[in-house]
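Here is how the chains run, residue by residue.
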Amino acid sequence: MSERLQGIEAFVAAVEAGSFAQAAARLGRTRSAVGKSIARLEQRLAVRLFQRTTRSQSLTDDGQAYYERCRRALDELDAADAAVDAGRHAPAGTLRMSMPALFGRVCVAPLLMELAHEHEGLRLDLQFNDRRVDLVEERMDLALRSGPLDDSSTLAARPLGHQWMGVYAAPAYLARHGRPTGWEALLETAGSHRFAGYGRDGQRPSAWLYRDGATGELREFPVPARVRCDSLEVVAASAVAGLGMVRIPQWLAAGAVAGGTLVQVFEEAQPFGYALHAVWPRARALPRRTRVVIDTLAERLPAVLGPAGRAAAEPARPA
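A brief structural summary. Here the structure is a predicted model, which means the values were calculated and not measured. (Residues numbered from 1 in each chain as written. Predicted model: local features only at pLDDT ≥ 70, side-chain atom pairs only at ≥ 80, totals over all residues. Heavy atoms only, no water.)

## Things to note about unusual backbone geometry
The criterion, for reference: Helix and strand definitions here come from DSSP, where helices need a minimum of 4 consecutive H or I residues and strands a minimum of 2 consecutive E residues; each element is numbered from the N-terminal end. Burial classification: accessible surface area is computed with a 1.4 Å probe over protein chains only, and a residue below 20% of its type maximum counts as buried, one above 50% as exposed, and the rest as partly exposed.
With phi around 60 degrees, Ala-46 is a residue other than glycine that occupies positive phi space. Note that Ala-46 resides in the loop between helix H3 (31–45) and strand S1 (50–52). You can call Ala-46 exposed: its relative accessible area is 67%. Residues other than glycine seldom take positive phi values, yet Arg-139 does so here, at roughly 60 degrees.

## Here's the deal with the pairing of strand S8 (residues 208–211)
This is how the line gets drawn: One bridge is not enough; two strands pair if DSSP finds at least two bridges between them.
As defined by bridge partners, S8 adjoins strand S9 (residues 218–221) across four bridges and the pair is classed as antiparallel. Directly across from Arg-211, in S9, lies its bridge partner Leu-218. Taken together, S8 and the strand that follows it, S9, pair antiparallel across an intervening segment of six residues, in which Gly-216 is found at a positive phi of about 80 degrees.

## Some thoughts on the environment of Gln-51
Selection criterion: What makes two residues a contact is simply this: any of their non-hydrogen atoms within 4.5 Å.
Note that Gln-51 resides in strand S1. Here the alpha-carbon distance between Gln-51 and Arg-247, two residues 196 residues apart in the chain, equals 53 Å. Other than its neighbours up to four places away in sequence, Gln-51 contacts Ser-56, Gln-57, Ser-58 and Thr-60.

## Topic: the pattern of salt bridges
Note the following rule: Only one rule defines a salt bridge in this text: a Lys or Arg side-chain nitrogen within 4 Å of an Asp or Glu carboxyl oxygen.
Counted under the stated rule, the structure contains eleven salt bridges. Residues Glu-16 and Arg-71 are paired through a salt bridge, measuring 2.7 Å at the closest nitrogen-oxygen approach. Of this pair, Glu-16 sits in helix H1 (residues 2–17) while Arg-71 sits in helix H4 (residues 61–86), and the two are 55 residues apart along the sequence. Of the residues examined, Glu-16 reaches a relative accessible area of 27% and is grouped as partly exposed. Three or more residues joined by partner-sharing salt bridges are found here, namely Glu-16, Arg-26 and Arg-71.

## As for the nonpolar core
Applied cut-off: Definition of nonpolar core: a set of buried residues of the types Ala, Val, Leu, Ile, Met, Phe, Trp, Tyr and Cys, connected through side-chain atoms within 4.5 Å.
Among the nonpolar cores identified, the biggest contains 40 residues, and Met-97, Phe-103, Val-108, Leu-144, Ile-248 and Leu-297 are the most heavily contacted of them. Ignoring sequence-local partners within four residues, the contact set of Leu-144 consists of Met-97, Ser-98, Met-99, Pro-100, Phe-103, Val-108, Leu-160, His-277, Ala-278 and Leu-297.

## Observations regarding the packing of aromatic side chains
Formally: Classification of ring pairs rests on two measures: the distance between centres of Phe, Tyr or Trp rings, Trp counted by its six-membered ring, which must be within 6.5 Å, and the angle between planes, read as stacked under 30 degrees, edge-to-face over 60 and tilted in between.
Enumeration according to the criterion identifies eleven aromatic pairs in this entry. Both rings, one in Phe-11 and one in Tyr-66, keep their centres 5.6 Å apart while their planes meet at 40 degrees; by these two values the pair is tilted. Here the residue Phe-11 occupies a position in helix H1, and Tyr-66 occupies one in helix H4, the gap between them amounting to 55 residues. With a centroid separation of 4.9 Å and 80 degrees between ring planes, the pair formed by Phe-272 and Tyr-274 is classed as edge-to-face.

## Section: H3
So the rule is basically this: Expected helix span is taken as 1.5 Å per residue step, with the number of steps being one fewer than the number of residues. Think of the arc as the fan of directions from the helix axis to the C-beta atoms.
Taking 1.5 Å of rise per residue, 15 residues should cover 21 Å, and H3 covers 21 Å from first to last C-alpha, within 8% of that figure. Of all the residues in H3, the buried ones are Val-34, Ser-37, Ile-38, Leu-41 and Glu-42. Buried positions in H3, seen along its axis, are confined to an arc of 135 degrees and lie on one side of it. Of the residues one or two after H3, Ala-46 is the one with positive phi, at around 60 degrees.

## A closer look at the environment of Arg-26
Residue placement: Arg-26 occurs in helix H2 (residues 20–27). Residues Arg-26 and Val-136, spaced 110 residues apart in sequence, show a C-alpha to C-alpha distance of 8.2 Å. Filtering out sequence-adjacent residues up to four positions away, Arg-26 remains in contact with Ala-13, Glu-16, Ala-17, Val-136, Glu-137 and Arg-139.

## Here we look at helix H5 (residues 101–118)
Where we set the bar: Given a residue, its bend is the angle between the two axes fitted to the seven residues that end at it and to the seven that start from it.
Spanning 18 residues, H5 covers 24 Å between terminal C-alpha atoms, matching the ideal 26 Å at 1.5 Å per step. Taken as a whole, H5 carries its principal kink of about 50 degrees at Val-108; the proline Pro-110 stands between one and four residues after it. Turning to H5, its buried residues number three or more, namely Ala-101, Leu-102, Phe-103, Gly-104, Cys-107, Val-108, Ala-109, Leu-111, Leu-112 and Leu-115.

Written out as structure tokens, the structure reads:
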């Protein structure tokens, strides 16, 4: 029975990973072991599951039908494991999680540290980077993603709020250069102002996105940036230093605003924010440790993100 399940697990992993080598890395086995498990499975079933060539592999019709049933069976096993885990009094085990570096350090890590303090059995394996990880291939339990999500049949997602954006500048800068009262005024006087913008890999600074106050349509303001860098922290510091106006998340500006070194240049009739989601590999049920982390973030992150971000979280949906 053990070898039978191993063969099914190796087969499903090979289908979803796209190759025996990647399946082996995902399962922590050798490529040879994965190949032998699938070969024994084909021998037992007396069918060919993969059509192999020297350069590629693809499922046969029998393989496709068998994969769909095996995937459902493994989902049921995952659900059974999760049901047992959910019955425990407190979340336990290791949660592997990826999140954007700066946002994760400033906004998420403090909440997770409090959660770990409350639940001694919970272990956290946290990765802070701006790379979009492959949750299945890299065996991640959970990730936070900012911005639009791609359609996916293998991932589920839950909204956590928005990273609400604002235009900020130092009081001394505005005293010298004037203070626009809104987007229309900023566009008209852009030539007399200085800006710092965010840009990656040597590219031009990202255009500032905003919503038209009358129509709600999404519009762009191409930033004629005097300072360009790939660090939002440095962009914010540029504004504090009086080098110009910046467009940064409210959570990043909050400390400087409270300290009086930055002010929000104008209120926006229709605020713009980047949607934030928790994303995880789809399963019929979640381990309790994952569910507790998601619920905690959904409850507490909106207040961290800014006043406009306190809308109620929506239920989980496909990523």
